[in-house]
Amino acid sequence: MVKAAVSRKTLREQVAEILRRKILNGEIKPGERIIEADVAKAFQISRGPVREALRQIEEEGLVTYESHKGCIVKTMSYEDMQEAYLIRSTLETLAAKMCSGNLPSELEERMERNLEKMGEAAEKRDLYQIVELDEEFHSCVVMSSQSEKLYKVWKSLESGNTSAYFTMETESLVPFDVLKANHQRILEAFRTKSVEEICREIENHYMIVPKVLFEEMQKKKNL
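Residues numbered from 1 in each chain as written. Predicted model: local features only at pLDDT ≥ 70, side-chain atom pairs only at ≥ 80, totals over all residues. Heavy atoms only, no water.

**A few points about the sheet that holds strand E3 (residues 70–73)**
Thinking step 1. The 3 strands are arranged E1-E3-E2 in an open sheet whose pairing can be described as antiparallel. The open sheet has two edge strands, strand E1 (33–34) and strand E2 (63–66), and neither has a second partner.
Thinking step 2. Strand direction decides the pairing type here: E2 and E3, joined by 4 bridges, are antiparallel. Bridge pairing links Glu66 to Gly70 in E3. (Pairing = 2+ DSSP bridges. Helix = DSSP H or I, 4+ residues; strand = E, 2+ residues; numbered from the N terminus.)

This is how it looks when you write it as structure tokens:
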């Protein structure tokens, strides 16, 4: 693990961000242990903030604690991904229905700017930035409902999205070449299509991911 100096202003957040980036970039591999003492030594900080950071990324689904092993980097199973994306897509289609398919202009502009950044991040294959931009894009869909309760529930599932991207990267499944276009279709649906068609576009956007992962898993089993 590369040594790094960490400011003491927001230690937990900064350590969590560094570890998250290393996991998403493949510097820390699935099944690899993250040893609290080693991280603290590398960052030259106490173990408390490291422990808190590990709890945070555990909630995000990137690591798990195993008996006699400690903190282990994990990947998302097909079943977990399917469940997480089904729930997220259901909440986003509900948002589309609540706003009657009418996207506020400020959110539409924000999504358009987001897509440009997403295209650039995809060209660089910057998975960390892609995860952040993907979350921001879909948050605009949910915010169109103008429902704080709906947004709060949706936001609680953010960890599943982060973990899903990590799993896709592990399986070489992130569709970098069409990532922007895949999200563009949702924005265009809001602009030109009915509520039912918008909902169908959102559902297709989400559920194709676990389907592709399942197909890849089956291929590996048959090798």
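**Description of the nonpolar core**
Thinking step 1. Within the largest apolar cluster, 41 residues are counted, with the highest numbers of intra-cluster contacts made by Met111, Phe137, Tyr165, Phe190 and Ile202.
Thinking step 2. Broken down by secondary-structure element, the contributors of at least two residues to this core are helix H4 (78–98), helix H5 (105–124), helix H6 (127–143), helix H7 (148–155), helix H8 (158–170), helix H9 (179–192) and helix H10 (195–222).
Thinking step 3. Take this core: its biggest share by element is 9 residues, from H6.
Thinking step 4. Residues within four places of Phe190 in sequence aside, it is in contact with Ala96, Cys99, Gly101, Leu103, Val141 and Ile198.
Thinking step 5. One finds Leu11, Ala40, Leu62 and Val63 within the second-largest nonpolar core, a separate group that totals 20 residues. (Core = buried A, V, L, I, M, F, W, Y, C linked by side-chain atoms within 4.5 Å. Buried < 20%, exposed > 50% of the residue type's maximum accessible area, 1.4 Å probe, protein only. Contact = heavy atoms within 4.5 Å.)

**A short note on the environment of Cys99**
Thinking step 1. Secondary-structure assignment places Cys99 in the loop between H4 and H5.
Thinking step 2. Of the residues examined, Cys99 reaches a relative accessible area of 10% and is grouped as buried.
Thinking step 3. Residues Cys99 and Val141, spaced 42 residues apart in sequence, show a C-alpha to C-alpha distance of 9.7 Å.
Thinking step 4. With residues up to four places along the chain from it excluded, the contact list for Cys99 reads Ser144, Ser145 and Phe190.

**Comments concerning the pattern of salt bridges**
Thinking step 1. Going through the model one piece at a time under the given rule, you end up with 14 salt bridges.
Thinking step 2. With a shortest N-O distance of 2.8 Å, Glu13 and Arg12 are connected by a salt bridge.
Thinking step 3. Its relative accessible area of 36% is what places Glu13 among the partly exposed residues.
Thinking step 4. Taking relative accessible area as the criterion, Arg12 reaches 29% and is therefore assigned partly exposed.
Thinking step 5. Between Glu201 and Arg185 there is a salt bridge; the shortest N-O distance is 3.6 Å. One end of the pair, Glu201, is in helix H10; the other, Arg185, is in helix H9, with 16 residues separating them in the sequence.
Thinking step 6. Owing to a relative accessible area of 15%, Glu201 belongs among the buried residues under this scheme.
Thinking step 7. Look at Arg185 and you get partly exposed, because its relative accessible area is 43%.
Thinking step 8. One salt-bridge network, in which partners are shared between bridges, spans Glu108, Glu112, Glu188 and Arg191. (Salt bridge = Lys/Arg side-chain N within 4 Å of Asp/Glu carboxyl O.)

**A word on the state of the cysteines**
Covalent bonding between the sulfur atoms of two cysteines defines a disulfide.
Thinking step 1. All chains considered together, the criterion is met by 0 disulfides.
Thinking step 2. Here Cys99 is not disulfide-linked; the sulfur of Cys199 is the nearest cysteine sulfur, at 9.0 Å. (Disulfide = S-S within 2.5 Å.)

**Some words on the packing of H4 against H7**
Thinking step 1. Closest axis-to-axis distance for the H4/H7 pair is 10 Å, and the angle between their directions is 160°. Classified by the angle between their axes, H4 and H7 sit roughly antiparallel to one another. In this structure, the crossing between H4 and H7 has a hand that is left-handed. Residues Arg88, Leu91, Glu92, Leu94, Ala95 and Met98 of H4 form the contact with H7, whose participating residues are Leu150, Val153 and Trp154. (Axes fitted to C-alpha atoms, helices over the stretch in contact; angles between N-to-C directions. Parallel < 35°, antiparallel > 145°, perpendicular 65-115°, else oblique. Left-handed = near helix turned anticlockwise from the far one by under 90°.)

**Quick look at the packing of aromatic side chains**
Thinking step 1. Following the criterion strictly, the structure yields 2 aromatic pairs and no others.
Thinking step 2. Consider the rings of Tyr151 and Trp154, whose centres lie 5.8 Å apart with planes at 35°: the pair is tilted. Of this pair, Tyr151 and Trp154 are both found in helix H7, 3 residues apart, which corresponds to roughly one turn of the helix.
Thinking step 3. Classification of Tyr151 as partly exposed rests on a relative accessible area of 27%.
Thinking step 4. Assessed through its relative accessible area of 0%, Trp154 is described here as buried.
Thinking step 5. Over the ring of Tyr128 we find Arg21, and its NZ or CZ is 3.9 Å from the ring centre. (Phe/Tyr/Trp six-rings, centres within 6.5 Å; stacked < 30°, edge-to-face > 60°. Lys NZ or Arg CZ within 6 Å of the ring centre and 35° of its normal.)

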